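Residue strings, one per chain:
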Amino acid sequence: MSETNSLDNTQEVQGDQDSAVIDQAAVIEEEKVSAAAEPEEESFKLMFEASLKEQPILKRGEMITGMVVNVSADTITIDVGAKDEGTIPAAEFAQAGMEMPAVGDEIDALVQATGGSTGVKLSVLEVKQREAWTAVAAAVESGEAIDAVVTAAIKGGYKVSLSGLNAFMPRSEADTDMHINAEELVGKTCKVAVLEARRKPENVVVSRKKPMAAERDAQKAAFFEGKAAGDKLSGEVKRMADFGAFIDLGGVDALLHVSDISWRRIKHPSEMLSVGQAVTVEIVKLNAETGKVSVSMKALQSDPWDNVAINYETGMRLTGTVRRLLEFGAVVEIEPGIEGMIHRSELSWIKHDVKPASVLAEGDVVDVSVLEVDAEARRIRLSLKAVSENPWQSWLADHPIGSHITGKIKNVTDFGFFVPVAGGMDGLVHVENLSWDRKGMDVLPEYTKGQEVEAVVLGVDVEQQRISLGIKQLSGDPFEVFMSGVKRGDSVNGKVSELNQGGAVVEVAEGVHAFLARREVPRDDADLKVGDEVEAKIIEVNRKRRQVSLSISQQLRDEERDAVRNYSQQSAANSTPSALALELQRKFLNR
C-alpha cells in the first residue's frame, strides 16, 4: 500500500512541475499514516477469511431458520447466515395458508437448491406439505378429522388445501345435505376426514360429510334423549319445499309442514318464511328410531275460530281479501286464519251461472255480507251480491205489473223468446202469451232475433230472477170479455171448430173456445161435424185455466123442464088438470 502511494505522488509531481512546492511536512505525515494503516487492513483481511470459514454449508433438503431482510411483491429475501441470501416465492405463503411476513420476522424454511445465479432457493410450502403429510398419516391411523380449506369447485367435487397439500373432496362427500350450494363452501375452513392418502402418485381424498355426520349423530342422540312432544324450541329455517320448511334445531332437522306454519291458509312456506330466519316452534311428533321430528308454529298461536261465533253473525257486512278462486266459488280471508266462501250463485244478481274468475281475481279486496256462520263446522258463507242493490227489485219498482216495455228480441227458443229489459236482465215472452185466439207455436215463427216488440209486464220473480212478459195482453182478453156477459147455467150458441176423441171444440165467441164432451151430446146429435151450429148450456167454468165446458144434453133437459112447467101453469089457469097431465108434470119435473 506504501508503494502505491509513492507512485501516485510521483505522477502528480510529474504532471504539474510548475505547481507550488509540495509541503514536505504533509508528505512526511501522510507516509506515517499509511504505514500505520497497513497492519490494520491486513488484520481485517484475515478476519474476513476466518468468517468465511465459519459460515455454514447449506444442503438441499435441510431445514433452516432465517430472518426476513426484504419483502417484494414476488420474492421474500431471507438471511440464512450463509454466503448467499435465501429467497422464497411470495405466492407460497398464500398456498401454504400463511400470512405474508414482514422484515425482521424469523421463518422456518426448507432448502431446495444452493449456489448458482439464484443463490439459495428456499420453500415454506414444502415445509407445510411435509407437516400436512404427517397430519394426514396420523388422521388415517386415528380416524380423527383435520383442518382444511376449500379452495375451488371443480368437476365432480372440490379442490381442498391441507396446509398447502392438495386434496380432492367428491361432491357427495361435501355435506350431509345434498342441496348445498357450491359457492357456500369455497373459501371456507372446515374439518375433514381422510378417506384415501397415497404419496406416489400423490392422491388425497377427504370428506367433510363424514365428521359432520358423526357430529350430527351425536347431537341427534342427545336431542332425542332430552326432548319430548310439546317442548318449545328455537331454530332456523334451513331450506324450503312446496310442502313445508326444514328447521335446524341444532343438529336435528325438523319438518314444519305448510299447514302447521299458520292458521291462515298459505300455498307455499315462502309466503311467511325465509331461509335463515329464526323461528320458535313446538314439537308435535318425534321418533328416535327413524330420526324424524315434526314441529308446528301454529300450535303456539290461539285458534282464531274459537271466537268466530262471538265476532260474526248473519247479515254483517265485512271486508276481505280473495285468496283462492275455485270452480264453484271464491275463498275470502276476512281475518288471518278465518276464511269464508262466496258460492258462484252469490257473485252476481244478473248472471246465474257466472264463473268466479270472470268476476274476481286473487288478491282483490271486496265487501261481502255474511249469510251463515257455522263455527263448529268452521264454515262461513258469504255473499258478494248482497252488499249491492238487487236490480230485480229496482226494476220491478220502476216497471210495475201491467206496464209496457219495448225492446229487440235477443234470442228465440222453442218455448218463446227473450227481450232485454235492462243491463244483463232479460224478460221472457212465453208462447202461451203470444196470441188469444191462435196457438203460440203457430205464432212463434212470426218473431225473429233483432225484431223490436212491445210487451206487457206480467210478473217479476225476484228470488228466481225472472221477468214474465206478454204480447197478447196488449189487447183485451176475449175470454174475460165473453165471461163478463155469461155465467154457469147460461145457454150459448157456437160453431164446432174441431172434433177429437173426447168430444168437440166449440167457438162460442171470437177467440173463445169451449169444450163439448161426447157424453154431453145426445145420441141423436152424435154425428156432429166441423162447422155445425150448436146450442148448449154452460155447465162448468175454470177461469184460472180459461176453460168452459158445454152440454147439449143439459140444454135439452132444461128446455123440456121449462116446457112442462109452462104447460102445467097454463093448464092450471084454464081448468083442473087431468090425471095424465099430473103424472107427466111429476115425471118431467123430477127429471
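These figures come from a predicted structure and were not determined experimentally.

Thresholds applied
Starting from 1, residues in each chain are numbered consecutively following that chain's sequence as written. Totals for whole chains, interfaces and linings use every residue, but because this is a predicted model, local features are given only for residues with pLDDT of at least 70 and side-chain atom pairs only at 80 or more, for both listing and counting. In computing side-chain properties, one takes all heavy atoms of the structure into account and sets aside hydrogens as well as water. Only centres within 6.5 Å qualify two rings of Phe, Tyr or Trp (six-membered ring in Trp) as a pair; their planes then separate them into stacked at under 30 degrees, edge-to-face at over 60, and tilted for everything else. Relative accessibility under 20% of the residue-type maximum defines a buried residue, over 50% an exposed one, and the middle range a partly exposed one, all with a 1.4 Å probe and only protein chains included. Numbering of helices and strands runs from the N terminus; a helix is a DSSP stretch of H or I covering at least four residues, while a strand is a stretch of E covering at least two. In this analysis, the expected span of each helix is defined as 1.5 Å times one less than the number of residues it contains. The pLDDT value expresses, per residue, how confident the predictor is, ranging between 0 and 100. Contacts: residue pairs with any heavy atoms within 4.5 Å of one another. In what follows, salt bridge is the name for a side-chain nitrogen of Lys or Arg lying within 4 Å of a carboxyl oxygen of Asp or Glu. Here, patches come from residues exposed beyond 30% relative accessible area and free of salt bridges, joined within 9 Å for like charges and within 5 Å for nonpolar side chains (Val, Leu, Ile, Met, Phe, Trp, Tyr). The Shrake-Rupley method, run with a 1.4 Å probe sphere, supplies the accessible areas, and residue values consider only the shown protein chains as cover. To qualify as a nonpolar core, a set must consist of buried Ala, Val, Leu, Ile, Met, Phe, Trp, Tyr and Cys residues joined through side-chain atoms within 4.5 Å. At least two DSSP bridges between two strands are needed for those strands to be called paired. Axis definition: a line fitted to C-alpha atoms, over the contacting stretch in the case of helices. Angles run 0 to 180 degrees between N-to-C directions.

By the definition in use, this model includes four aromatic pairs. Both rings, one in Phe223 and one in Phe224, keep their centres 5.6 Å apart while their planes meet at 85°; by these two values the pair is edge-to-face. As far as the burial class goes, Phe223 and Phe224 line up, both buried. For the pair Phe415 and Phe418, a centre-to-centre distance of 6.2 Å together with 90° between the ring planes defines the contact as edge-to-face.

Once that is clear, we can look at helix 4 (residues 125-142). Over its 18 residues, helix 4 runs 25 Å from end to end, which matches the ideal 26 Å to within 8%, given 1.5 Å per residue. Directly beyond the C-terminal end of helix 4, a positive phi value near 85° is found at Gly143.

For the protein chain, the mean per-residue pLDDT works out to 83, and 86% of the residues sit at or above 70. Across the protein chain, strand 20 (residues 379-383) holds the top mean pLDDT of 94, while helix 1 (residues 2-15) sits lowest at 39. For residues 1-23, every residue scores under 50 in pLDDT, and the model assigns this stretch six contacts once sequence neighbours within four places are set aside. Here residues 50-54 is modelled with pLDDT under 50, and outside its nearest four sequence neighbours on either side it reaches zero contacts, counting other chains as well.

To continue, consider the pattern of salt bridges. According to the stated counting rule, one finds 22 salt bridges in the structure shown. A salt bridge links Arg198 to Glu196; its shortest N-O distance comes to 2.4 Å. Residue classification places Arg198 among the partly exposed positions, given a relative accessible area of 36%. In this structure Glu196 comes out as partly exposed when scored by relative accessible area, which is 31%. The shortest N-O distance in the salt bridge between Lys238 and Asp253 comes to 3.2 Å.

This part is about a nonpolar patch on the surface. There is a patch of nonpolar side chains on the surface, built from Val71, Met100 and Val103 and spanning about 260 Å² of accessible area. Its place among the elements puts Val103 in the loop between helix 3 (91-95) and strand 4 (106-113). We classify Val103 as exposed; its relative accessible area is 55%.

Counting residues in hydrophobic clusters, the biggest one holds 23 residues, and the most contacted among them are Phe417, Leu434 and Leu469. Taken together, the elements giving at least two residues each to this core come down to helix 9 (391-398), strand 23 (416-422), strand 24 (425-430), strand 25 (452-461) and strand 26 (466-470). With four residues, the top contributor of residues to this core is strand 25. Ignoring any residue separated from it by four or fewer positions in sequence, one finds Leu469 in contact with Ile405, Val419, Val421, Gly427, Leu428, Val429, His430, Asn433, Ala455, Val456, Val457 and Leu458. Ala132, Ala148, Val192 and Val206 belong to the second-largest nonpolar core, a separate cluster that totals 21 residues.

The next point concerns the sheet that holds strand 4. Pairing between sheet strands relies on hydrogen bonds along the backbone, with the strands arranged either parallel or antiparallel. One closed barrel holds the five strands; their spatial order is 1-2-3-5-4, and the pairing between them is mixed. Neighbour-to-neighbour, the strand axes of this sheet turn through a mean angle of 55°, independent of strand direction. Summarising the sheet, strand 3 (residues 86-89) and strand 5 (residues 120-123) pair through two bridges and their orientation is parallel. Bridged to Gly86 within strand 5 is Val120. Its contacts with the sheet place helix 4 against strand 1 (63-71), strand 4 and strand 5, and it is angled at close to 95° to strand 4.

Our next topic: the sheet that holds strand 29 (residues 512-517). Overall, mixed pairing links the five strands, which are arranged 27-28-29-31-30 in a closed barrel. Averaged over neighbouring strand pairs, the angle between their axes works out to 50° when direction is ignored. Direction of pairing for strand 30 (residues 533-542) relative to strand 31 (residues 547-551): antiparallel, over a ladder of five bridges. For Val541, the partnering residue across the bridge sits in strand 31 and is Val548.

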